[in-house]
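Geometric and topological summary
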Amino acid sequence: MHGSKLPSSANPIPRSISIRIARDPNDLMLVTAIRAAVYLAEQDCPIEEEFDGNDLVAAHFIGFVGSEPAGCLRVRFFGEFAKVERLAVRHQFRRSRVSFKLVQASVAYIKRKGFRKIYGQAQDRLVDFWAHFGARPLGHNRKITFSDFSYTEMVLDLEPDVDAITLDSDPYVIIRPEGDWDRPGVLDISSGRAVTSPLRTA
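Predicted, not measured: the structure shown is a model, and the values here were computed from it. (Residues numbered from 1 in each chain as written. Predicted model: local features only at pLDDT ≥ 70, side-chain atom pairs only at ≥ 80, totals over all residues. Heavy atoms only, no water.)

A separate point is the nonpolar core. Ranked by internal contacts, the top residues of the largest apolar core, which has 34 residues, are F61, L73, V75, V103, I110 and W130. When contributions to this core are tallied by element, the ones reaching two or more residues are β1 (17-21), β2 (59-65), β3 (68-77), β4 (82-89), α3 (98-112), β5 (117-123), α4 (127-131) and β8 (149-157). Element by element, the count of residues in this core is highest for α3, at eight residues. With sequence-adjacent residues up to four places away left out, V103 is seen in contact with L73, L87, F129, W130 and F133. Grouped together as the second largest cluster of nonpolar side chains are ten residues, I34, C45, F64 and A88 included. (Core = buried A, V, L, I, M, F, W, Y, C linked by side-chain atoms within 4.5 Å. Buried < 20%, exposed > 50% of the residue type's maximum accessible area, 1.4 Å probe, protein only. Helix = DSSP H or I, 4+ residues; strand = E, 2+ residues; numbered from the N terminus. Contact = heavy atoms within 4.5 Å.)

Next comes the structure, spelled out in structure tokens:
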């Protein structure tokens, strides 16, 4: 999940799958393009329903098949749970495992952040897909309908990662780029450089 650029190999393996977190406006443009192709073009979802005002307050994952952006997934965070949503895979990549890899990456990320529950709203036809990851319907008749589809509320119980980030974590880990907590970031490096700010007097 490292980095913010397209897979950088000069000749990426054509069908290899990689997942990374969106970090900049170009990444969000990829997410927008994928979701527009799937939800607006294929499912005829109105644009104001698909782009609902939550994209700038969420984490986004982008899945690549070779160097081609193939799918995406959004995660939002609440006090007691994370919500996985807006999983979209372009039609030509649906026989790949990019959807599974996107969900696996998001679950690992949520566990690393210390959450114990994932909540989701699965289209009824996709309940078995989410059950593959251990998700279960939240309760009897917990269904909602929006954008012309019926959804089942689902929940996945988690054990936080053994390295879950807490207040006791290394403070440099906490300020590293989101999802890229295991290698030094630019602020780690800045701690060892010469002072350049004229405001620093000591």
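Once you've had a look at it, read on.
Looking now at the layout of surface pockets. Within this model, the largest pocket holds a volume of roughly 940 Å³. Taken together, 44 residues form the lining of the largest pocket, with Y39, L87, A88, L126 and W130 sitting closest to its centre. Elements with a minimum of two residues in the lining of the largest pocket: α1 (25-42), α2 (47-50), β3, β4, α3, β5, α4 and β8. Ranked by residues supplied to the lining of the largest pocket, first place goes to β4 with seven residues. Split into classes, the residues belonging to the lining of the largest pocket amount to 26 nonpolar, seven polar and eleven charged. (1 Å grid on protein atoms, 1.4 Å probe; cavity = no way out; pocket = protein on both sides within 12 Å on 5 of 7 lines; lining within 4 Å. Points joined across faces, edges and corners; volume = space filled by probe spheres on them. Nonpolar A, V, L, I, M, F, W, Y, C, P; charged D, E, K, R; others polar.)

Let us now look at unusual backbone geometry. Even without being glycine, S147 reaches a positive phi, approximately 50 degrees. In this fold, S147 is placed in the loop between β7 (143-146) and β8. The class for S147 is buried, based on a relative accessible area of 18%. Positive phi values are uncommon outside glycine, yet D148 reaches one of about 75 degrees. Structurally, D148 can be placed in the loop between β7 and β8.

Such coordinate-based values are descriptive only and should not be taken to indicate function.
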